[in-house]
Amino acid sequence: MDKDKIIEALKAMSLTELNELVKACEEEFGVSAAAAVVAAPAGAAEGGSEEKSEYNVLLKEIGGEKIKVIKAVREATGLGLKEAKALVDGAPSVVKENVEAEEAKKLKEALEAVGAVAELQ
């Protein structure tokens, strides 16, 4: 049996079956799967920002087109003119919190399109 067939067989197993397989391998070969578990978070930490699903959109700098930035903030947030102006005047400030990745990216691009500097956190 080659490695591809083994991988296909593993994919077809339930979690209970995989758990039993791991225990059997530990007993048969005298090893522990704990070392692999410890190494996994280190690998996950490297790509952690890619896996993030929600962001805060931060308006860092207004740029030269303050009125356009206020309009973009109003459109994105639904705030009134006074509230949007206060948010823009208070930069750096968070425009929207806990926004899905796709929406956050679009908002950042909209702010940058009117001359502002925005950041996803």
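Conventions used here
- Residues numbered from 1 in each chain as written.
- Predicted model: local features only at pLDDT ≥ 70, side-chain atom pairs only at ≥ 80, totals over all residues.
- Heavy atoms only, no water.
- Helix = DSSP H or I, 4+ residues; strand = E, 2+ residues; numbered from the N terminus.
- Buried < 20%, exposed > 50% of the residue type's maximum accessible area, 1.4 Å probe, protein only.
- Contact = heavy atoms within 4.5 Å.
- Areas by Shrake-Rupley, 256 points an atom, 1.4 Å probe, with all protein chains shown as cover.
- Pairing = 2+ DSSP bridges.
- Axes fitted to C-alpha atoms, helices over the stretch in contact; angles between N-to-C directions.
- Parallel < 35°, antiparallel > 145°, perpendicular 65-115°, else oblique.
- Left-handed = near helix turned anticlockwise from the far one by under 90°.
- Nonpolar A, V, L, I, M, F, W, Y, C, P; charged D, E, K, R; others polar.
- Salt bridge = Lys/Arg side-chain N within 4 Å of Asp/Glu carboxyl O.

Draft legend 1. Main features of the overall build of the protein. In terms of regular secondary structure, the protein is built from seven helices and three strands. For the protein, the α and β elements follow one another from N to C terminus as α-α-α-α-β-α-α-β-α-β. Going through the 121 residues of the protein one by one, you find that 19% of them count as buried. Expressed as a percentage of contacts within the protein between residues at least 6 apart in sequence, the contacts between residues at least 24 apart total 60%. Total accessible area on the protein is roughly 8700 Å²; 55% of this is exposed by carbon and sulfur atoms.

Draft legend 2. Region of interest: the pairing of strand β1 (residues 54-61). Pairing analysis gives five bridges linking β1 to strand β2 (residues 93-100), with the strands arranged antiparallel. Across the sheet, residue E54 finds its bridge partner in β2, namely E100. Relative to strand β3 (residues 117-120), β1 is paired through four bridges, and the arrangement is antiparallel. If you follow L58 over to β3, its bridge partner there is E119.

Draft legend 3. Looking closely at the packing of helix α5 (residues 66-77) against helix α6 (residues 81-89). Taken N-terminus to C-terminus, the directions of α5 and α6 make an angle of 120°; their axes are 9 Å apart at the nearest point. In terms of orientation, α5 lies oblique with respect to α6. Seen from above, α5 lies across α6 with right-handed handedness. Residues K66, V69, I70, V73 and R74 of α5 pack against L81, A84, K85, L87, V88 and D89 of α6. The residue inventory of the contact of α5 with α6, partitioned by class, reads seven nonpolar, no polar and four charged.

Draft legend 4. Structural context of the pattern of salt bridges. What the rule picks out here adds up to six salt bridges. We note a salt bridge from E103 to K96, for which the minimum N-O separation is 2.7 Å. When its relative accessible area of 38% is taken as the criterion, E103 is described as partly exposed. Owing to a relative accessible area of 22%, K96 belongs among the partly exposed residues under this scheme. Among the charged side chains, a network of salt bridges with common partners joins K66, K85 and D89.

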